[in-house]
Amino acid sequence: MHRLAPLLLLVRPHSSYHISVSHKQINSQSHRNRQHAPTTANTDTHAANPMGELAVVASSAAAAASSPPMAASASPPPDLLERLKDYKQEHVLSFWEDLSPRERNLLVAEIESIDLPRIDRIIRCSLDYHGLPVAAIEPVPEMMVSTVDERTVQMRERWWNAGLNAIRRGKLAVLLLSGGQGTRLGSSDPKGCFNIGLPSGKSLFQLQAERILRIQRLAAEAVTDGSPFVPISWYIMTSSFTHEATQRFFESRKYFGLDRSQVIFFQQGTIPCISKDRKFIMETPYRVARAPDGNGGVYTALKSSRLLEDMATRGIKYIDCYGVDNALVRVADPAFLGYFIDKGAAAAAKVVRKAYPQERVGVFVRRGKGGPLAVVEYSELDPSLASAIDQATGRLRFCWSNVCLHMFTLDFLNQVASGLEKDSIFHLAEKKIPSVHGFETGLKLEQFIFDAFTYAPSTALFEVIMNPAPYSLQLASCARKSLHLLKMPMVPKLIRPILLGCLFFVCTPVGLRLLVASSLIQFPYMQQVWKYRRSALTWERASNKFAVDDHSMHLVRSRSSLYRFSFW
């Protein structure tokens, strides 16, 4: 979800994009085609909007300055009016007589940037679909979930090695969903730029970039046959609100040590906000109110920006997808990738066992008898089903929480992009939309990243433990508290398990802590603590590998064994 900010359009001064009274010299298609090239770290070209809409990148004053003057006209261009009437949106021109020539230019450019047939199809399909009954849901079969309890050391090591092998051969790409602003965190910057309060002062982008660097080093070290190592490609989806700021942030920090060619930026689309009678809402007399098309817009954006083709050219087969506000995400997790390859599934997701029936998380379900897996939001799950208990296990029947950590094959992403476009079904969110009449109740249309699972012929779920489970920055905002005031809220969250009488090593942001618990001890009330300020240790036990950094804080239990900690 994104807050709707005023949209400011830029009409670029291309000679082939000329607006006149007759409207015959508009070459909107060529203008849209020029915007379909993806933005990489090596260029300042703006990525295409998947909707074929104009990029929101400059002020209206700049737009007016770059637009050729339009002769005064008492009525709008007839062909433009007829096109709008075909889709019952002619009210968009109702303010025409009150607009200046510059504002009329902007309005014409705005209308030309909207793919009217497509948007009309989305509105009809979405509103009609949400009036239909949905298939009954069933719990996810246990056989489709790899639980922590059932994994052996041999399985984990086999998956880890298989994942590293695929990474070193360039078969994995990382896909970051980073279209949101940090408004709930008290910042207008992209979320990834946010300083979450670590002693190091590192941003989310830096933490994730350094994890990619560390995985690359591990994968390169695993090369034994002399074959070349291929760096990990990092695809970053931004929005019209965050695109330029994100690029500047990376450029000013030299991409955090990554090669510029590894980082590819592209924009998600926007879609007009509509009233309950299916009309476009006008934010100003010459601008349609728009909102981002949701994190599920990534599929359309990848296809329209030709980045799926780019992935194929680079030899990529698997895509690791996650959200930017997950401070503890294991980017390009070799074990998860190895598990995904081993299962041969089209899609996979890390899941966390639901803690209690009313927990505000979406859960994986099965749609119909033998149907595909899907995610049902907590607000859509009937309370009786949310609290239903499996009598055989004593656990919740619908217990596998979605935490937006997904893995897809490239072939499946191509299938999803085509399927979602064909079906044109978006989720509806009733919101207060800024308009020429003040804030009015309207509908935002968006797709979610988990919409893809209903198209998957096979899906595998991979359980992870809540500590260190994904820690979202939104948890702090939901509590209406500043991250700075909370003083690293993930610290008590991650070291919440009760420590019983044995020896522990805990890596915290201020160094390694050795805890000796002779009786019940719970962080932060420790009876005895020895703190070692060292950046790394060389302890190891057998071939087990543990990855710890100055913000992930894995809790490791040891009786008489020693462990090797690697920072990544």
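Above this text is the structure in question.
Cut-off values and rules
Residues numbered from 1 in each chain as written. Predicted model: local features only at pLDDT ≥ 70, side-chain atom pairs only at ≥ 80, totals over all residues. Heavy atoms only, no water. Helix = DSSP H or I, 4+ residues; strand = E, 2+ residues; numbered from the N terminus. Buried < 20%, exposed > 50% of the residue type's maximum accessible area, 1.4 Å probe, protein only. Contact = heavy atoms within 4.5 Å. Areas by Shrake-Rupley, 256 points an atom, 1.4 Å probe, with all protein chains shown as cover. Salt bridge = Lys/Arg side-chain N within 4 Å of Asp/Glu carboxyl O. Phe/Tyr/Trp six-rings, centres within 6.5 Å; stacked < 30°, edge-to-face > 60°. Lys NZ or Arg CZ within 6 Å of the ring centre and 35° of its normal. Polar contact = N/O pair within 3.5 Å; in protein donor to acceptor, adjacent residues only side chain to side chain. Patch = residues over 30% accessible without salt bridge, like charges linked within 9 Å, V, L, I, M, F, W, Y side chains within 5 Å. Pairing = 2+ DSSP bridges. Right-handed = clockwise from strand over helix to strand, strands pointing away.

S.K.: How would you summarise the overall build of the protein if you had to cite specific residues and measurements?
M.R.: Regarding its fold elements, the protein presents 16 helices and 24 strands. The buried share of the protein, taken over its 568 residues, is 55%. Across the protein, every contact between residues at least 6 apart in sequence was considered, and the portion connecting residues at least 24 apart equals 72%. As displayed, the protein offers around 24800 Å² of accessible surface, 52% of which is attributable to carbon and sulfur atoms.

S.K.: Any details on the pattern of salt bridges? Residues and values, ideally.
M.R.: One pass over the structure, following the stated rule, counts 15 salt bridges. For K202, the salt bridge goes to E210, with nearest N and O atoms at 2.8 Å. By relative accessible area, K202 is classed as buried at 16%. With a shortest N-O distance of 3.1 Å, E430 and K276 are connected by a salt bridge. Taken together, the positions of E430 in strand β16 (residues 427-435) and K276 in the loop between β7 (270-272) and β8 (282-284) put the pair 154 residues apart, joining distant regions of the chain. Both residues of the pair, E430 and K276, count as exposed. In the salt-bridge network here, residues are joined through shared partners; they are R118, R121 and E421.

S.K.: Quick one: what's the story with unusual backbone geometry, residue by residue and with numbers?
M.R.: Residues other than glycine seldom take positive phi values, yet R278 does so here, at roughly 75°. You can call R278 partly exposed: its relative accessible area is 31%. You will see that A332, though not glycine, has its phi angle at about 55°, which is positive. Its place among the elements puts A332 in the loop between β11 (318-323) and α11 (334-343). Residue A332 is classed as buried on the basis of its relative accessible area, which comes to 1%.

S.K.: Which residues make up the packing of aromatic side chains, and what values do they have?
M.R.: Tallied over the entire structure, the rule returns 17 aromatic pairs. With centroids separated by 5.6 Å and ring planes inclined at 65°, the aromatic side chains of W234 and F250 adopt a geometry described as edge-to-face. Of this pair, W234 sits in strand β5 (residues 233-238) while F250 is found in helix α8 (residues 243-252), placing the two residues 16 residues apart along the sequence. Given a relative accessible area of 0%, F250 falls into the buried group. The interplanar angle of 45° and the centroid separation of 6.1 Å between the aromatic rings of F250 and Y255 together place this pair among those described as tilted. For Y255, a relative accessible area of 2% puts it in the buried group. Each residue in the set F205, W234, F249, F250, Y255, F256 and F265 is aromatic and connected to the rest through ring pairs, giving one cluster. Sitting above the plane of the F462 ring, R151 keeps its charged end 3.8 Å from the centroid.

S.K.: Describe the side chain of T246, with residues and values.
M.R.: In this fold, T246 is placed in helix α8. Within polar-contact distance, the side chain of T246 engages the backbone oxygen of T242 at 2.7 Å. Among all residues touching T246, those that are not within four sequence positions of it are P190, F205, T238 and F265.

S.K.: Could you give me a rundown of a nonpolar patch on the surface, with the residues and numbers involved?
M.R.: Together, Y129, L132 and V134 make up a nonpolar patch on the protein surface, roughly 290 Å² of accessible area in all. One can find V134 in the loop between α5 (116-129) and β2 (137-138). The class for V134 is exposed, based on a relative accessible area of 53%.

S.K.: A description of the pairing of β5 should follow, citing residues and the corresponding values.
M.R.: In terms of residue burial, β5 counts as a mostly covered element, since six of its six residues are buried. Of the two faces of β5, the one holding S233, Y235 and M237 and the one holding W234, I236 and T238 are both buried throughout. Judged from the five bridges that link them, strand β4 (residues 172-177) and β5 form a sheet pairing that is parallel. Looking at β5, one finds that V174 is bridged to W234. Pairing of β5 with strand β6 (residues 263-267) involves five bridges; the strand directions are parallel. Each bridged residue has a counterpart across the sheet, and for T238 the counterpart in β6 is Q267. Viewed along the sheet, the connection from β5 through α8 into β6 turns out right-handed.

S.K.: Tell me about the environment of A162, and please be specific about residues and values.
M.R.: Among the structural elements, A162 can be located in helix α6 (residues 153-168). For A162 and D342, which are 180 residues apart along the polypeptide, the C-alpha to C-alpha distance reads 8.4 Å. If we ignore the near neighbours within four places in the chain, the residues touching A162 are G338 and I341.

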